[in-house]
Amino acid sequence: MHRPEPRLILPEPPESLKDMSRTLVHRMHDREQAEGFLSFADYMEMALYEPGLGYYSAGLPKLGEHGDFITAPELGSVFAQCLARQVAAVGDALGGPWDILEIGAGSGRLAADLLTTLAQLGIQPERYRILERSADLRAEQARTLESRSVSGPGRALGGLAERVSWLDAPPDSSAGWRGVLIANEVIDALAVERFEIAEDGPRQLGVTFGQDREPSPPAWTDRPAPQALADRMQSLQERLPRALPNGYRSEVCLTLPAWLASVTDGLEAGLALFIDYGYPRAEYYQPARRDGTLVCQMRHRAHFDPFVWPGLQDLSAFVDFTALAEAADQCGLEVSGYAPQSHFLIGCGLEPVLAALMADAAGQTPGAQRARQALSHEIKQLTLPGAMGEKFQVMGLTRGGPLPLAGFDAGSWLDRL
């Protein structure tokens, strides 16, 4: 059954934002009326990306204290400093010009910290490109980068904003590139289909606003699964250790293979890193997980009701990393590493990174003490199993031959896929 969350625990939006959400609901209602059925995937896509009204399209604060959630790069620089060491090793191994392509760069903090650390390591990409759908996030990324300038060994490299360009679409596959693709908390925001296992076959879950001219509050509805979803469900059931029981609800991302192909087709040689919260398939579709993995974030409160003020909260679903590996096979990519985030960061040099930062924060001044406390909190959040350490996982996909992947040397989970 659907898990309603008491709406009273969530902050009340100002009237102007309520009006924006109501406008989005009217647009969703119009689409339902025109098409006869609004799938949850279509609802999620509109709730997140509808121009001018969706969560990622309407200029709302998303990250940090005044937003709805915190990502690893926002905690501090440790995540980026570790990641930079893996990126630098790949760039050095590739030789010649190489690029970084970051998908969904959030506030721009990861790009800024990566470029800063790479400069300190004496290695720089030829280009740093950001593929970003959200215009307001692009503006925030530009502001973050404009506030930074770095120097490499023996030379000034200037402002970071001058070293970054933005893309509206994935690089043209005919213009091949070499380097590293980074997608941190991106796949979880791809629209997913919701399904329910029924006695007469799988059903597709949708969202209805009623049949009146004015929309009613959103509610679940369903219909027999269309052929594409039915075929995926049959394939999914065949690969699971046990059949899913009647009444079981969860998600599947039908667009993942096409999306992965679109962002990696132009990668001639290099590494694609995907960091996200998720599970291998057998854990994702555990019988006990009867209502799936859909989660909503609003003002740093996680809950399970996707119908609260559409457009004003983040919607996401955990990643099926086995599905990502299967999509990689279809794209001609090698699944070269899979590990929990804690193991990956350790493999990338977490201990020396932390030692250097602690040395910088040495002393008994209040500022130094606060810096050490902040570092301790950051490390706990990044590595503890109950925080991001195992909830977040890293998959490395390669093309063009073997590459140095120290991030996966501290412990591999490939056998869990």
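Caption draft 1: Molecular detail of the confidence of the model for the chain. Model confidence for the chain is summarised by a mean pLDDT of 92, while 94% of its residues fall at 70 or above. Here residues 1-8 scores under 50 on pLDDT; set against residues more than four positions off or in separate chains, the count is 17 contacts.

Caption draft 2: Up close: the nonpolar core. Counting 130 residues, the largest nonpolar core has Trp 259, Leu 260 and Phe 274 as its most contacted members. Top element by residues in this core is helix H4 (residues 78-94). It accounts for 10 residues.

Caption draft 3: The arrangement of the sheet that holds strand S9 (residues 219-224) in detail. A sheet is described by the order of its strands in space; here four strands give the open sequence S9-S8-S7-S10, paired in antiparallel fashion. The two strands at the open ends of the sheet, each matched to only one other strand, are S9 and strand S10 (249-252). On average, each strand axis in the sheet is tilted by 40° relative to the strand beside it, whichever way the strands run. Where strand S7 (residues 193-198) and strand S8 (residues 201-208) come together, five bridges link them in antiparallel fashion. Pairing of Ala 198 across the sheet is with Gly 201, part of S8. Sheet strands in contact with helix H2 (residues 40-49) are S7, S8 and S9, and its direction is about 35° off that of S8.

Caption draft 4: Looking closely at the pattern of salt bridges. Considering all chains together, one arrives at 20 salt bridges under this definition. Among the ionic pairs, Arg 27 bridges to Glu 50, the shortest N-O distance being 3.1 Å. One end of the pair, Arg 27, is in helix H1 (residues 15-35); the other, Glu 50, is in the loop between H2 and helix H3 (72-75), and 23 residues separate them in sequence. Between Glu 196 and Arg 249 there is a salt bridge, with its nearest N and O atoms 3.2 Å apart. Here Glu 196 is found in strand S7, whereas its partner Arg 249 is found in strand S10, with 53 residues between them in sequence.

Caption draft 5: The arrangement of the side chain of Arg 194 in detail. Looking at the element boundaries, Arg 194 is found in strand S7. With a relative accessible area of 1%, Arg 194 lands in the buried category. Reaching out from Arg 194, the side chain makes a polar contact with the backbone oxygen of Asp 291 at a distance of 3.2 Å. If sequence neighbours within four positions are ignored, Arg 194 has contacts with Phe 40, Arg 203, Gln 204, Leu 205, Trp 220, Arg 249, Ser 250, Glu 251, Asp 291 and Gly 292.

Caption draft 6: Representation of unusual backbone geometry in the model. One non-glycine residue, Glu 185, lies in the positive phi region at around 55°. Of note, Glu 185 is situated in the loop between strand S6 (177-184) and S7. Residue classification places Glu 185 among the buried residues on the basis of a relative accessible area of 17%. At Trp 309, a residue that is not glycine, the phi angle is positive and equals roughly 40°. Position of Trp 309 among the secondary structure elements: in the loop between strand S13 (301-303) and strand S14 (314-316). Residue classification places Trp 309 among the partly exposed residues on the basis of a relative accessible area of 23%.

Caption draft 7: Summary view of the packing of H4 against helix H12 (residues 350-360). Put simply, H4 and H12 touch, their axes get as near as 10 Å, and they point 130° apart. In terms of orientation, H4 lies oblique with respect to H12. Note that H4 runs across H12; the crossing there is right-handed. Two secondary-structure elements touch here, H4 through Val 78, Gln 81, Cys 82 and Arg 85 and H12 through Leu 350, Val 353 and Leu 357.

About the thresholds
Residues numbered from 1 in each chain as written. Predicted model: local features only at pLDDT ≥ 70, side-chain atom pairs only at ≥ 80, totals over all residues. Heavy atoms only, no water. pLDDT = per-residue confidence, 0-100. Contact = heavy atoms within 4.5 Å. Core = buried A, V, L, I, M, F, W, Y, C linked by side-chain atoms within 4.5 Å. Buried < 20%, exposed > 50% of the residue type's maximum accessible area, 1.4 Å probe, protein only. Helix = DSSP H or I, 4+ residues; strand = E, 2+ residues; numbered from the N terminus. Pairing = 2+ DSSP bridges. Axes fitted to C-alpha atoms, helices over the stretch in contact; angles between N-to-C directions. Salt bridge = Lys/Arg side-chain N within 4 Å of Asp/Glu carboxyl O. Polar contact = N/O pair within 3.5 Å; in protein donor to acceptor, adjacent residues only side chain to side chain. Parallel < 35°, antiparallel > 145°, perpendicular 65-115°, else oblique. Left-handed = near helix turned anticlockwise from the far one by under 90°.

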